[in-house]
Structures are given as structure tokens and as C-alpha cells.
Amino acid sequence: MKHILNLIMAVLVASTFMQVIYRFFLHNPLAWTEELARYCLIVLTFLGAAYAMSLKQHIGIEFIVDKFPATGKKGLQTIAFLICLLFYLLMIVQGLNLADSAMNQLSPVLRIPMGILYMVIPLSGFLLAVNHLANFLEAMKGGSGHDDSIV
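Everything quoted here is computed from the prediction, not taken from an experiment.

*Asks:* Even after reading the chapter, I still don't get the overall build of the protein, so can you show me in this structure?
*Replies:* Secondary structure summary: the protein contains five helices and zero strands in total. Shown N-terminal to C-terminal, the secondary structure of the protein runs as helices and strands in the order α-α-α-α-α. Rg of the C-alpha trace for the protein: 20 Å, well past the compact-globule value of 15 Å for 151 residues, more than 25% over. Put simply, the protein has 151 residues, and 27% of those count as buried. Considering only intrachain contacts with a sequence separation of at least 6, the fraction spanning at least 24 residues in the protein is 67%. Approximately 9,900 Å² of the protein is accessible, and the part contributed by carbon and sulfur atoms is 71%. For the protein, the distance from the average site of its 9 positive side-chain charges to the average site of its 8 negative ones is 1 Å.

*Asks:* How should I be thinking about the packing of helix α3 (residues 70-101) against helix α5 (residues 120-140) in this particular structure?
*Replies:* How two helices sit against one another is set out by the angle between their axes and by the gap between those axes. Packing of α3 against α5 leaves a shortest axis separation of 8 Å and a crossing angle of 165°. Viewed along their axes, α3 and α5 adopt a mutual orientation that is roughly antiparallel. Crossing of α3 against α5: the hand is left-handed. Facing α3, whose interface residues are Lys74, Gln77, Thr78, Phe81, Cys84, Leu85, Tyr88, Met91, Ile92, Gly95, Leu96 and Leu98, α5 presents Ile121, Pro122, Ser124, Gly125, Phe126, Leu128, Ala129, His132, Leu133, Phe136, Ala139 and Met140.

*Asks:* Can you help me understand α5 in this one?
*Replies:* Quick reminder: α-helices carry 3.6 residues per turn. Residues three or four places apart thus point the same way. Between its first and last C-alpha atoms α5 spans 30 Å; for 21 residues at 1.5 Å apiece the expected length is 30 Å, and the two agree. Buried within α5 we find Val120, Ile121, Pro122, Ser124, Gly125, Leu128, Ala129, Asn131, His132, Asn135, Phe136 and Ala139. Packed against the buried residues of α5 are α2 (31-54), α3 and α4 (114-118). Where α5 terminates, the next one or two residues include Gly142, which has phi positive at roughly 110°.

*Asks:* Even after reading the chapter, I still don't get the packing of aromatic side chains, so can you show me in this structure?
*Replies:* By convention here, two paired aromatic rings are described through the distance between centres and the angle between planes. Under the counting rule described, the total for this entry stands at two aromatic pairs. Each ring, one from Phe81 and one from Phe136, has its centre 4.1 Å from the other, and the planes form 10°; the classification is stacked. On the criterion of sequence distance, the pair formed by Phe81 in helix α3 and Phe136 in helix α5 is long-range, its members being 55 residues apart. Judged by its relative accessible area of 14%, Phe136 is buried. Plain terms: the ring middles of Phe87 and Tyr88 are 6.1 Å apart, the flat faces sit at 65° to each other, and that makes the pair edge-to-face.

*Asks:* Could you clarify how one ought to interpret the nonpolar core in this entry?
*Replies:* Grouped burial of nonpolar side chains is what soluble globular proteins tend to show. Within the largest apolar cluster, 21 residues are counted, with the highest numbers of intra-cluster contacts made by Ile8, Val43, Leu47, Tyr88 and Leu128. Elements that contribute at least two residues to this core include exactly α1 (2-25), α2, α3, α4 and α5.

*Asks:* Got a minute to help me understand the packing of α1 against α2 in this structure?
*Replies:* Where α1 contacts α2, the axes come no closer than 9 Å and their chain directions differ by 155°. Considered as vectors, α1 and α2 are oriented roughly antiparallel to each other. Crossing handedness for the pair α1 and α2: left-handed. Of α2, the residues touching α1 (which contributes Lys2, Leu5, Ile8, Met9, Val11, Leu12, Ser15, Thr16, Met18, Gln19 and Arg23) are Trp32, Thr33, Glu34, Leu36, Ala37, Cys40, Leu41, Val43, Leu44, Leu47, Gly48 and Tyr51.

Reading the values: the criteria
- Residues numbered from 1 in each chain as written.
- Predicted model: local features only at pLDDT ≥ 70, side-chain atom pairs only at ≥ 80, totals over all residues.
- Heavy atoms only, no water.
- Helix = DSSP H or I, 4+ residues; strand = E, 2+ residues; numbered from the N terminus.
- Rg over C-alpha atoms; globule rule 2.2 N^0.38 Å.
- Buried < 20%, exposed > 50% of the residue type's maximum accessible area, 1.4 Å probe, protein only.
- Contact = heavy atoms within 4.5 Å.
- Areas by Shrake-Rupley, 256 points an atom, 1.4 Å probe, with all protein chains shown as cover.
- Lys, Arg positive; Asp, Glu negative; His and termini not counted.
- Charge placed at Lys NZ, Arg CZ, Asp CG, Glu CD.
- Axes fitted to C-alpha atoms, helices over the stretch in contact; angles between N-to-C directions.
- Parallel < 35°, antiparallel > 145°, perpendicular 65-115°, else oblique.
- Left-handed = near helix turned anticlockwise from the far one by under 90°.
- Expected span 1.5 Å × (residues − 1).
- Phe/Tyr/Trp six-rings, centres within 6.5 Å; stacked < 30°, edge-to-face > 60°.
- Core = buried A, V, L, I, M, F, W, Y, C linked by side-chain atoms within 4.5 Å.

And the structure:
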């Protein structure tokens, strides 16, 4: 997954760089570079969130949870897990509906079906759910629930 994200980031940087060169130095802007950069940023955001979850580096608020004893922490973690899982399920179901309804709509410049771009929503929802479940099970078994190492 890391290599895919690196590739998407490289495409984002290259297309943005090309847009700057063509717009400001050659005075002939490319229409497709802006759209490609936007779509790369969207995909990078959704898949990056799932990747961060797999590394246990996703954002979390532990201030309130740390105020509780160990049994209270597990209860709060369970409630938070269920709420997150419900949200990820919502991402999957509604993302599939959105992608299906947008398959006939083409992007303005690249002319790709918007449904293909929207498929990143249910895909990232699925990956988030799987990674969150793995992290939750590890935390319930007595693991730290987070990783302080820098990857």
C-alpha cells in the first residue's frame, strides 16, 4: 500500500509541477493536470487514512480515555470501535451507491467515469474497517493499541 501511495503522490507532484511550468513559463496552461492533481489528492487522502490506520498512526483522542481506570477504558474503546465501524459501514454502502449512480457521469477534461473515482470511498471504508478491527482486537488482548514508532 505504501508504494501505491508513493506513486499517487509522485503523480500529484509531477502534474502540479507541469501545470506551474506550462502556466507561468510557457503561458499555455494544461487543463488535464489540474484535474489529475485533484483526483490524486482525493485518492491519496482516502487511501492514506486507511494506511495510517493499519500503522496505528491514525488520529485519536486519548485525553478522556486516559482519565478512566482500565475497565472503563475497555468499555470506551468498545463504544468508540462500534461507532467507527458503523461509520465505515456507512462509507461502504453509501460509497457504492454514489459510485454506481455516477458511472455515467464523465469528468470534464479526462473523460473518465466519476464512479471510478468515487469507488475510493467504499474501498477505503473497507480497509479502514479491517484495520480498525485488527487494532481493536490487539488492544483488547492487552496490546498497546497504538504504535509510537515512526515509519
